[in-house]
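So the chains spell out like this:
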Amino acid sequence: MEKMPYRIELDTVTMPPAVAPVVSSNWQQGLPTLAGEQVVLRELRASDAASLFALLTTEEVSRFISPPPTTVEGFERFIAWTLRQRLAGTYACFAVTLRGFDTAIGIFQIRELQPGFGTAEWGFAIGSPFWGTGVFEDGAELVLDFAFDSIGVHRLEARAAVPNGRGNGALQKIGAVQECVLRKSFQRNGQYLDQVLYAILDSDRREATAAVRVH
Ligand SMILES: CC(C)(COP(=O)(O)OP(=O)(O)OC[C@H]1O[C@@H](n2cnc3c(N)ncnc32)[C@H](O)[C@@H]1OP(=O)(O)O)[C@@H](O)C(=O)NCCC(=O)NCCS
């Protein structure tokens, strides 16, 4: 499940715990730019608000995620919030752009569930014109490397509403393991939906990348 809205109750700048076992903290000062075959992931900017508003508020993109902001200004506030949370060391949000173009067409988010990012949760949303094009998989590989190698995540969770065919299919194809169903855990449009809980462990990732190197 993707959580995009800026929420006032989350708008607190907390300093990271002094003893948090984070492998690399440089990302807190500014996210790196990550280049894949098709995509470049970079820090969000206020000027991304218009394209994200246009692409991520459509019915097909937003039907299984928490309601996105409803205005361009709402996205500007969300983007400002993401930068503050990154500085606080609890969260990172990348803009997805296509190589050679600077327009943001989606986002990947990672948030800390346990202090020090031992367990974290990720989520993603991409504009529907780019579905089925390989953009998701290319970006996801970059985010997984970033989460495990740069942040030092041990366990990366994701939640997908059961009727979200593409969300479940996307997670399965990048190696996320289905662990259980969280019954009626997500409310959308007045309805409670079951969600599938997925996880990727750092050891899963090491095995997967070693297998790719062998073949
Ligand atoms: C989730 C998302 C980023 C995935 O990107 P995508 O480009 O659609 O993903 P892909 O096409 O690479 O992978 C989806 C897979 O699910 C499969 N799939 C399974 N059930 C499906 C269904 N009911 N409808 C469509 N595809 C389905 C597709 O065939 C595809 O697998 P394949 O490439 O092996 O054929 C994108 O769909 C999105 O932004 N959705 C809206 C936001 C959202 O739901 N976020 C995820 C919350 S978990």
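Residues numbered from 1 in each chain as written. Predicted model: local features only at pLDDT ≥ 70, side-chain atom pairs only at ≥ 80, totals over all residues. Heavy atoms only, no water.

A few points about the overall build of the protein chain
Line of reasoning, step 1. Regarding its fold elements, the protein chain presents six helices and eight strands.
Line of reasoning, step 2. Shown N-terminal to C-terminal, the secondary structure of the protein chain runs as helices and strands in the order β-β-α-α-α-β-β-β-α-β-α-β-β-α.
Line of reasoning, step 3. The buried share of the protein chain, taken over its 215 residues, is 47%.
Line of reasoning, step 4. Surface accessibility of the protein chain: about 10,500 Å² in total, with carbon and sulfur atoms responsible for 54%. (Helix = DSSP H or I, 4+ residues; strand = E, 2+ residues; numbered from the N terminus. Buried < 20%, exposed > 50% of the residue type's maximum accessible area, 1.4 Å probe, protein only. Areas by Shrake-Rupley, 256 points an atom, 1.4 Å probe, with all protein chains shown as cover.)

Some words on the pairing of strand β8 (residues 191-201)
Line of reasoning, step 1. Direction of pairing for strand β6 (residues 155-161) relative to β8: antiparallel, over a ladder of seven bridges. Within the sheet, the bridge partner assigned to Leu156 lies in β8 and is Ile200.
Line of reasoning, step 2. Sheet topology places strand β7 (residues 177-188) next to β8; eight bridges connect them, and they run antiparallel. Pairing of Val181 across the sheet is with Val196, part of β8.
Line of reasoning, step 3. As consecutive antiparallel partners, β7 and β8 are separated by two residues, and within that stretch Asn189 has a phi angle of approximately 50°, a positive value. (Pairing = 2+ DSSP bridges.)

Focus: unusual backbone geometry
Line of reasoning, step 1. One non-glycine residue, Phe117, adopts positive backbone phi at about 65°.
Line of reasoning, step 2. For Phe117, the position within the fold is in the loop between β4 (106-112) and β5 (119-126).
Line of reasoning, step 3. With relative accessibility at 0%, the residue Phe117 sits in the buried group.
Line of reasoning, step 4. Residue Lys184 is not a glycine yet carries a positive backbone phi of 45°.
Line of reasoning, step 5. By the element assignment, Lys184 lies in strand β7.

Re the packing of aromatic side chains
Line of reasoning, step 1. This structure, assessed with the given rule, holds twelve aromatic pairs.
Line of reasoning, step 2. Where Trp27 meets Phe146, the ring centres are 6.4 Å apart and the plane angle is 85°; that geometry is what we call edge-to-face. Of this pair, Trp27 sits in the segment before β1 (34-35) while Phe146 sits in helix α4 (residues 135-151), and the two are 119 residues apart along the sequence. The residues Trp27 and Phe146 share a single accessibility class, namely buried.
Line of reasoning, step 3. Through pairs of rings, three or more aromatic residues link up here, namely Phe53, Phe75, Phe78, Trp81 and Tyr91. (Phe/Tyr/Trp six-rings, centres within 6.5 Å; stacked < 30°, edge-to-face > 60°.)

Quick word on the sheet that holds β4
Line of reasoning, step 1. Taken together, the eight strands give an open sheet; going across it, the order is β1-β2-β3-β4-β5-β6-β8-β7, and neighbouring strands pair in mixed fashion. The sheet is open, and its two borders are formed by β1 and β7, each paired with just one other strand.
Line of reasoning, step 2. The strands touched by helix α1 (residues 49-56) within the sheet are β4 and β5, with β4 carrying the most contacts at an inclination of about 95°.
Line of reasoning, step 3. On top of the sheet, helix α3 (residues 72-88) reaches β2 (39-43), β3 (91-98) and β4; it is set at about 125° to β3, its chief contact. (Contact = heavy atoms within 4.5 Å. Axes fitted to C-alpha atoms, helices over the stretch in contact; angles between N-to-C directions.)

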